[in-house]
Amino acid sequence: MKRLTLALALAASLVAAPGASAAKPAKAITPSANVLGNVVVQPDGTALVRARYVCGAEQHLWISAKQVASRRIDRALEQEGSSAASAAWLQSHPTEFVCDGTKRTQTFQIDTAEQGFGQLAKGMAWVQFCLVGETSFLSESRWTHVK
């Protein structure tokens, strides 16, 4: 009886302890992304892409901007493997971004350091912002102005 009373008292103290709470299940995070504004070419040939995004842990990011020689919209760039049709292709896998379920706005630099070629110029570019996780994939793609 003494053991039962001790066990009940211990259980009651855990329930009533201030600040003590039962572990809550992790809230499922739905990745989302929106490319904001224009792609801005820098004097050194790199470019800046601004985006608002939400992602969970263990996500990787890939950003790409492509243009054809005319710098106009060309639907061929919307296809898989379209870099062969591009006159310029800048891309990056940024590692300095935070995926913790919080909505964030950040500017990312893209270039040809990893892979790519040419230089973006004033006109239109096909921009892709992709969040890739072990069990998720999100791709925000759209035409945007290059300044």
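What counts, and at which threshold
Throughout this document, residue positions are counted from 1 along each chain, in the order its sequence is written. Totals for whole chains, interfaces and linings use all residues, but because this is a predicted model, local features are given only for residues with pLDDT of at least 70 and pairs of side-chain atoms are given and counted only at 80 or more. Calculated side-chain values reflect all of the structure's heavy atoms, with hydrogen atoms and water omitted. Numbering of helices and strands runs from the N terminus; a helix is a DSSP stretch of H or I covering at least four residues, while a strand is a stretch of E covering at least two. Only protein chains enter the accessibility calculation, which uses a 1.4 Å probe; a residue is then buried when its area is under 20% of its type maximum, exposed when over 50%, and partly exposed in between. Contacts were defined at the residue level, with two residues in contact if any of their heavy atoms lie within 4.5 Å. A pair of aromatic rings is counted whenever rings of Phe, Tyr or Trp (Trp by its six-membered ring) have centres within 6.5 Å, and the orientation is called stacked for planes under 30 degrees apart, edge-to-face for over 60 and tilted otherwise. Confidence scores per residue from the predictor, reported as pLDDT, run from 0 to 100. For the purposes of this section, nonpolar cores are sets of buried Ala, Val, Leu, Ile, Met, Phe, Trp, Tyr and Cys residues that join through side-chain atoms within 4.5 Å. The salt bridge definition used is simple: a Lys or Arg side-chain nitrogen within 4 Å of an Asp or Glu carboxyl oxygen. Here the rule is simple: two strands pair whenever DSSP picks up at least two bridges between them. When charges are counted, Lys and Arg contribute as positive and Asp and Glu as negative, whereas His and the chain ends are disregarded.

## Re the overall build of the protein
Here's step 1: Summing up its helical and strand segments, the protein has one helix and seven strands in all.
Here's step 2: Relative to its full complement of 147 residues, the protein shows a buried share of 35%.
Here's step 3: Look at the contacts in the protein between residues 6 or more apart in sequence, and 66% of them connect residues 24 or more apart.

## Here's the deal with the packing of aromatic side chains
Here's step 1: Applying the stated criterion across every chain, the model contains six aromatic pairs.
Here's step 2: Relative to Phe108, the ring of Tyr53 has its centre 6.0 Å away and its plane inclined at 50°; by these criteria the two rings are tilted. With Tyr53 in strand β2 (residues 47-54) and Phe108 in strand β5 (residues 104-110), this residue pair connects regions lying 55 residues apart in the sequence.
Here's step 3: Tyr53 gets classed as buried once you look at its relative accessible area, which sits at 1%.
Here's step 4: Geometrically, the ring pair formed by Tyr53 and Phe129 is tilted, given 6.1 Å between the ring centres and 40° between the ring planes.

## Looking at the confidence of the model for the protein
Here's step 1: Mean pLDDT over the protein: 84, with 82% of residues reaching 70 or higher.
Here's step 2: Averaged pLDDT values over the elements of the protein bottom out at 39 in helix α1 (residues 2-16) and peak at 97 in strand β4 (residues 88-92).
Here's step 3: Low pLDDT, under 50, characterises residues 1-21; the predicted model gives this stretch one contact beyond four residues in sequence or across chains.

## Considering unusual backbone geometry
Here's step 1: Positive phi is not limited to glycine here, since Arg71 has a value of about 65°.
Here's step 2: Mapping Arg71 onto the fold places it in the loop between β3 (60-67) and β4.
Here's step 3: Residue Arg71 is classed as buried on the basis of its relative accessible area of 18%.

## Regarding the nonpolar core
Here's step 1: Ranked by internal contacts, the top residues of the largest apolar core, which has 23 residues, are Tyr53, Phe97, Leu120 and Phe129.
Here's step 2: Contributions of two or more residues to this core are made by β1 (32-41), β2, β3, β4, β5 and β6 (123-132).
Here's step 3: If you look at the next biggest cluster of nonpolar residues, it comprises five residues, including Val68, Leu77, Met124 and Trp126.

## Quick look at the pattern of salt bridges
Here's step 1: Under the counting rule described, the total for this entry stands at two salt bridges.
Here's step 2: Residue Arg75 pairs with Glu78 through a salt bridge whose shortest N-O separation is 2.6 Å.
Here's step 3: Take Arg75: its relative accessible area is 52%, and that puts it in the exposed class.

## Structural notes on the pairing of strand β7 (residues 137-146)
Here's step 1: Where β6 meets β7, ten bridges bridge the pair, whose relative direction is antiparallel. The residue bridging Gln128 from the neighbouring strand is Ser141, located in β7.

## Concerning the side chain of Asp111
Here's step 1: Within the element layout of this structure, Asp111 appears in the loop between β5 and β6.
Here's step 2: Buried and without a salt bridge, Asp111 has Lys66 as its closest oppositely charged side chain, separated by 15 Å.
Here's step 3: Excluding residues that lie within four positions of it along the chain, Asp111 makes contacts with Thr46, Leu90 and Gln91.

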